[in-house]
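Observations on chain architecture
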Amino acid sequence: MSTAATSFPDRNAAEVADLVLSPEGAAPPEVLARRARQRRQMYIGQVASYSLGASVLLLYAYAGAVSMAVPSLFWLGGLLIIGTFTVLSEAGFGDRFEDHYLTVFQISAHMAVQLVFLLAVPTVGVAFIAVLFLIFAFGTLRMTSSQAMLTWGLATGGLALVFLGSDLPIGLPVTTRLERTASMLCFVLVIGQCAFLGLFGATLRKILYRRSIELKDAYQRIEELAELDELTGSYNRRCIMRLLDAEIEKSRQASTPCAIALIDLDWFKRINDAHGHPVGDEVLRTFAITMFANIRPADCFGRYGGEEFLLLLPDTSGDAAQRMLERLRSIVADLDWSAFSLNMHVTISAGVVTLRDVDTADTFLARADRALYSAKAQGRNRIATS
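The rules behind these values
- Residues numbered from 1 in each chain as written.
- Predicted model: local features only at pLDDT ≥ 70, side-chain atom pairs only at ≥ 80, totals over all residues.
- Heavy atoms only, no water.
- Helix = DSSP H or I, 4+ residues; strand = E, 2+ residues; numbered from the N terminus.
- Rg over C-alpha atoms; globule rule 2.2 N^0.38 Å.
- Buried < 20%, exposed > 50% of the residue type's maximum accessible area, 1.4 Å probe, protein only.
- Contact = heavy atoms within 4.5 Å.
- Areas by Shrake-Rupley, 256 points an atom, 1.4 Å probe, with all protein chains shown as cover.
- Pairing = 2+ DSSP bridges.
- Right-handed = clockwise from strand over helix to strand, strands pointing away.
- Salt bridge = Lys/Arg side-chain N within 4 Å of Asp/Glu carboxyl O.
- Patch = residues over 30% accessible without salt bridge, like charges linked within 9 Å, V, L, I, M, F, W, Y side chains within 5 Å.
- Axes fitted to C-alpha atoms, helices over the stretch in contact; angles between N-to-C directions.
- Expected span 1.5 Å × (residues − 1).
- 1 Å grid on protein atoms, 1.4 Å probe; cavity = no way out; pocket = protein on both sides within 12 Å on 5 of 7 lines; lining within 4 Å.
- Points joined across faces, edges and corners; volume = space filled by probe spheres on them.
- Nonpolar A, V, L, I, M, F, W, Y, C, P; charged D, E, K, R; others polar.

Within the protein, the regular secondary structure consists of 12 helices and 5 strands. Relative to a compact globule of 386 residues, whose C-alpha radius of gyration would be 21 Å, the protein shows 37 Å and is clearly more extended. Among the 386 residues that make up the protein, the fraction classed as buried is 44%. Residue pairs in contact within the protein that sit at least 24 positions apart in sequence constitute 72% of those at least 6 positions apart. For the protein, the exposed surface amounts to about 19,700 Å²; the carbon and sulfur share of it is 61%.

Another point: the environment of Ala112. Relative to the helices and strands, Ala112 resides in helix α4 (residues 103–120). Along the chain, Ala112 and Gly158 lie 46 residues apart, while their C-alpha atoms are 8.1 Å from each other.

Our next topic: the pairing of strand β4 (residues 348–354). Within β4, 6 of the 7 residues are buried, which leaves the element mostly enclosed by the surrounding structure. In the sheet, strand β1 (residues 258–265) pairs with β4 via 7 bridges, with the strands oriented antiparallel. Each residue of the ladder has a partner; that of Leu262, found in β4, is Gly351. Relative to strand β5 (residues 383–385), β4 runs parallel, the two sharing 3 bridges. If you follow Val352 over to β5, its bridge partner there is Thr385. Tracing the backbone out of β4, into helix α12 (residues 361–377) and back to the parallel element β5 gives a crossover that is left-handed.

What follows covers the pattern of salt bridges. Applying the stated criterion to the full structure yields 10 salt bridges. Note that Arg242 is salt-bridged to Glu227, the shortest N-O span being 2.9 Å. Remark: Glu227 occurs in helix α7 (residues 177–227) and Arg242 occurs in helix α8 (residues 237–254); sequence separation between them is 15 residues. Among the ionic pairs, Lys376 bridges to Asp264, the shortest N-O distance being 3.4 Å. Here Lys376, found in helix α12, pairs with Asp264, found in strand β1; they are 112 residues apart in sequence, far enough to count as distant. Take Asp264: its relative accessible area is 4%, and that puts it in the buried class.

Let's shift gears to a nonpolar patch on the surface. A cluster of nonpolar side chains, Leu58, Tyr62, Met68 and Leu178, forms an exposed patch at the surface whose accessible area comes to about 380 Å². The class of Leu58 is partly exposed, set by a relative accessible area of 32%.

To continue, consider the sheet that holds β5. Taken in spatial order, the 5 strands of this open sheet run β2-β3-β1-β4-β5, and their pairing is mixed. The strands lining the two open edges of the sheet, one partner per strand, are β2 (300–305) and β5. Each strand axis lies, on average, 25° off the axis of its neighbour in the sheet, ignoring direction. In this sheet, strand β3 (residues 308–314) lies alongside β2 in antiparallel orientation, the contact comprising 5 bridges. By the bridge assignment, Cys300 is partnered in β3 with Leu312. Its contacts with the sheet put helix α11 (residues 318–334) on β1, β3, β4 and β5, and the angle it makes with β4 is roughly 170°.

Taking 1.5 Å of rise per residue, the 17 residues of α11 would be expected to cover 24 Å, and the 24 Å separating its terminal C-alpha atoms lies within 8% of that figure. When α11 is considered as a whole, its buried residues turn out to be Ala321, Met324, Leu325, Leu328, Arg329, Val332 and Ala333. In this fold, the buried residues of α11 make contact with β1, α10 (277–294), β3, β4 and β5.

The next subject is the layout of surface pockets. In this structure, the second largest pocket spans a volume of roughly 150 Å³. As for the second largest pocket, its lining consists of Ile129, Leu132, Phe133, Phe136, Trp152, Ala155, Thr156 and Leu159. Breaking the lining of the second largest pocket down by element, the ones donating at least two residues are α5 (125–139) and α6 (145–164). Residue composition of the lining of the second largest pocket, grouped by class: 7 nonpolar, 1 polar and no charged.

Spatial relationships are all this shows, so hold off on functional conclusions.
Structural data, given as structure tokens:
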């Protein structure tokens with residue numbers, strides 16, 4: 001008795017998970033090598049399985065239930081099938097197919113061996129029939145629904161030929177102590193290998209579940225990165241504009257005030273020209289960190305473009321927004337920037353506006369831009385409203 005089953009360590013299950021989660025298309029060399037290694041492990045397990053089955057048949061032969069030639073023929077028949085698929089595997093034949101294990105062909109070949117010996121040695125036929133369950137247990141790890149229906153049909157046809165097309169006395173000898181021992185070992189081996197396959201399947205499910213969690217976390221991280229400005233860690237323009245639209249809608253539905261501030265770092269081009277772009281980048285990062293540390297949790301801060309930033313202030317009146325921006329302006333102006341360059345001084349200007357009934361996102365931002373222009377025209381390092 002044998003099967004297409006093999007010994008599947010946890011590492012093998014992890015490799016299967018990698019293959020399941022790998023993208024479609026031409027497999028890279030490392031994936032092909034991993035597949036070949038996995039198939040080799042499977043074929044080694046099949047050799048071991050056939051060897052165990054032949055050992056049980058040898059016990060039956062010693063008990064006189066079957067001919068002494070049966071164990072050898074059974075083992076050689078299994079090796080012939082395994083050798084054929086091993087040659088195909090090493091030649092990379094299966095890699096051109098989605099199912100690189102050639103599962104249907106393997107299951108069909110192993111079922112054929114069991115059915116042939118079931119017909120040839122019906123006195124121990126129940127033992128061969130039991131192995132069919134093990135073969136399908138292996139197949140469930142690989143087969144699609146269409147493959148399962150196909151192999152089930154083949155098995156049904158073969159069993160119908162045995163049970164309905166012949167009057168062979170299919171049995172399981174239990175007359176002597178040795179026969180009973182061999183019969184017991186037959187079922188013990190089948191149950192044990194089924195349990196091992198089940199353990200592999202459970203391990204694979206756990207690994208796939210863990211990988212799905214990792215993929216979910218990675219996807220969430222990608223979403224976060226897609227919303228953030230890489231340099232400053234603030235929201236990028238696309239995201240802050242989406243948040244602005246949502247805040248306008250929320251403010252109108254709740255009839256609450258809403259303010260925005262368009263903030264610009266004064267003379268930032270001079271900083272880049274005098275100290276270089278790396279220093280300019282550090283100035284932007286420091287400014288963003290300062291803003292995050294001094295705004296409310298409900299406020300939204302994003303990079304609008306270049307050295308311009310947009311601050312959303314929900315549920316905030318015009319006077320409160322102006323006081324908040326004045327405080328932020330003072331904090332930035334009082335920072336010690338000498339770590340970047342001696343005598344460096346950085347200030348900001350901002351245009352603060354509150355939402356009007358007739359405002360759209362574009363007109364809201366246009367008024368904030370006019371207020372910012374007014375702050376710059378008045379000498380910079382100040383807050384203006386519109």
